[in-house]
Amino acid sequence: MEIINRCRSSSVFALISGFVLPVLVASVGINYGQIANNLPKPQNVVPLLRSIGVSKVKLYDADPRVLCAFANTGVEFIVSLGNEYLEKMRDPDKAQVWVKTNVQSYLPATKITCITVGNEVLTFNDTSLTEHLLPAMQSIHAALVSLGLDNQVSVTTAHSLAVLETSYPPSAGAFRRDLTEYISRILDFHVKTCSPFLINAYPYFAYRSNPKQVSLDYVLFQPNPGVVDPGSNLHYDNMLFAQIDAVYAALASLGCKKLPVQISETGWPSKGDENEAGATIENAKKYNGNLMKLVSQKKGTPLRPGSDLNIYFFALFNENLKPGPTSERNFGLFKPDGTPAYELALTPSTSGSGSSNSTVGTGDGSGGYSASTPSPSDSSTGSLSITSGTVG
């Protein structure tokens with residue numbers, strides 16, 4: 001089925017007005033969730049993303065409306081296959097039908113470069129779901145191979161940082177022992193298929209869980225003394241980079257030193273309930289703005305100073321139908337009407353981060369906060385919505 005048949009009614013409407021966001025760095029991606037009943041049509045999202053320079057989008061499904069709207073725009077897409085489809089996708093025939101329908105039919109007009117199979121599956125602690133994950137990934141990859149698409153579309157899955165048993169110090173990063181068997185087999189798949197390892201990382205949840213001990217400056221990339229990793233002697237002045245390097249260390253402990261890591265979700269809510277410490281507009285501005293500045297500097301993390309930071313911010317819009325605390329509905333850079341949730345300044349300021357070679361310290365100087373924090377449950381309302389993740 002050709003792309004013109006899937007997207008013949010696609011059109012681009014007028015630019016959504018009211019935004020004041022600056023153009024983002026080219027390597028920044030964004031998560032486009034749709035758990036809401038008041039979002040603009042995908043055609044109207046195209047000029048919005050163009051206006052801020054976003055060139056990479058991650059969906060939580062393979063929504064045909066979105067994929068059609070972004071045809072011939074050059075925007076790179078990660079499409080997703082929900083947890084509820086894993087068992088079905090073990091069947092090679094069903095996997096091939098899915099790939100033909102949700103990937104091949106949009107190529108090359110819509111630039112789909114990756115498929116995520118499941119979301120945070122290993123930390124659901126559902127044995128049957130866990131057992132289905134790798135076979136589903138293998139079937140989807142086999143379908144791509146049979147269709148001649150494996151060189152342009154990779155297959156992976158997104159993990160919660162809760163797959164780590166040890167995250168501090170970063171050099172001691174290690175996966176949960178009960179998950180090592182599954183993760184080792186998934187890593188073999190990544191190595192063989194040259195696909196990236198995806199992690200959802202939210203320093204916000206570490207701060208919300210323990211605001212009296214976790215330094216706010218440390219999680220917001222603000223100037224702070226930071227901590228020194230006693231194992232590597234590397235200095236960290238922000239939590240996210242410490243979390244990323246803990247993942248690198250865990251991968252290295254299983255023999256995967258060169259496997260690329262992408263941050264498939266990270267962000268900060270602009271609003272929360274009374275008991276959700278730190279969920280404010282000011283903090284969201286600092287977290288997202290400072291991190292974007294660090295990404296633009298292309299200095300990498302302390303452990304991998306020369307590596308690109310492939311980061312997908314969460315999320316494009318506030319989503320009014322998401323369950324859970326108020327923060328869950330307020331991670332968006334934009335409101336549903338297309339206006340910014342807050343002004344996001346990327347120019348250097350006295351309150352900006354001082355260094356990219358960092359990862360953050362804590363109130364007691366130990367830096368010993370677990371990376372195993374929950375991430376916002378998200379999905380799109382398209383044909384393949386993902387199952388909810390753990391909510392803090």
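The rules behind the values
Residues numbered from 1 in each chain as written. Predicted model: local features only at pLDDT ≥ 70, side-chain atom pairs only at ≥ 80, totals over all residues. Heavy atoms only, no water. Helix = DSSP H or I, 4+ residues; strand = E, 2+ residues; numbered from the N terminus. Buried < 20%, exposed > 50% of the residue type's maximum accessible area, 1.4 Å probe, protein only. Phe/Tyr/Trp six-rings, centres within 6.5 Å; stacked < 30°, edge-to-face > 60°. Lys NZ or Arg CZ within 6 Å of the ring centre and 35° of its normal. Right-handed = clockwise from strand over helix to strand, strands pointing away. Pairing = 2+ DSSP bridges. Core = buried A, V, L, I, M, F, W, Y, C linked by side-chain atoms within 4.5 Å. Salt bridge = Lys/Arg side-chain N within 4 Å of Asp/Glu carboxyl O.

**Notes on unusual backbone geometry**
For residues that are not glycine, phi is negative in most cases, and the peptide bond is trans in most cases.
Then, number 1: Omega for the peptide link from L107 to P108 comes to 0°, which places this bond in the cis form.
Then, number 2: Here P108 is to be found in the loop between α5 (92-102) and β4 (111-119).
Then, number 3: Residue A315 follows F314 across a cis peptide bond; omega there is 10°.
Then, number 4: Relative to the elements of secondary structure, A315 occurs in the segment after β12 (310-313).
Then, number 5: For E120, which is not a glycine, the phi torsion comes out positive at approximately 55°.
Then, number 6: Summarising the element assignment, E120 is placed in the loop between β4 and α6 (127-146).
Then, number 7: Overall, the relative accessible area of 3% leaves E120 in the buried class.
Then, number 8: One non-glycine residue, C194, lies in the positive phi region at around 60°.
Then, number 9: Within the secondary structure, C194 is located in the loop between α7 (180-193) and β8 (197-200).
Then, number 10: Given the relative accessible area of 68%, C194 is considered exposed.

**A short note on the packing of aromatic side chains**
Then, number 1: The tally for this structure, following the rule as stated, stands at 16 aromatic pairs.
Then, number 2: On the numbers, 6.0 Å between centres and 65° between planes, the contact of F175 with F197 is edge-to-face. Separated by 22 residues along the polypeptide, F175 in strand β7 (residues 174-175) and F197 in strand β8 bring together distant segments of the chain.
Then, number 3: Ring geometry for Y204 and W268: centres 5.0 Å apart, planes at 70°, overall edge-to-face. Taken as a pair, Y204 in helix α8 (residues 203-209) and W268 in the loop between β11 (261-266) and α11 (281-297) lie far apart in primary sequence, 64 residues in all. Assigned by exposure class, Y204 and W268 land together as buried.
Then, number 4: Among the aromatic residues, those joined into a cluster by ring pairs are Y60, Y202, Y204, F205, Y207, F221, F241, W268, Y287, F314 and F331.
Then, number 5: R304 extends its terminal NZ or CZ atom over the ring of Y248, reaching a point 4.1 Å from the ring centre.

**Thoughts on the pairing of strand β5 (residues 154-160)**
Sheet faces and side chains relate simply in a regular strand, where the side chains alternate between the two faces.
Then, number 1: Of all seven residues in β5, seven are buried; the element is thus mostly enclosed.
Then, number 2: Handedness of the β-α-β unit built from β4, α6 and β5 comes out right-handed.
Then, number 3: Note that β5 and β8 share three bridges and pair parallel. From the neighbouring strand, A158 faces β8, where its bridge partner is L198.

**Here we look at the nonpolar core**
Then, number 1: Counting residues in hydrophobic clusters, the biggest one holds 107 residues, and the most contacted among them are F70, W98 and I140.
Then, number 2: The element contributing the most residues to this core is helix α10 (residues 239-253), with ten residues.

**Some thoughts on the pattern of salt bridges**
Then, number 1: A complete count under the given rule lists nine salt bridges for this structure.
Then, number 2: Taking the shortest distance from any N to any O, the salt bridge between D178 and R176 comes out at 2.7 Å.
Then, number 3: With a shortest N-O distance of 2.9 Å, R208 and E276 are connected by a salt bridge. A residue pair is termed long-range when its members are at least 10 positions apart, and R208 in helix α8 and E276 in the loop between β11 and α11 qualify at 68 residues.
Then, number 4: For R208, a relative accessible area of 13% gives the class buried.

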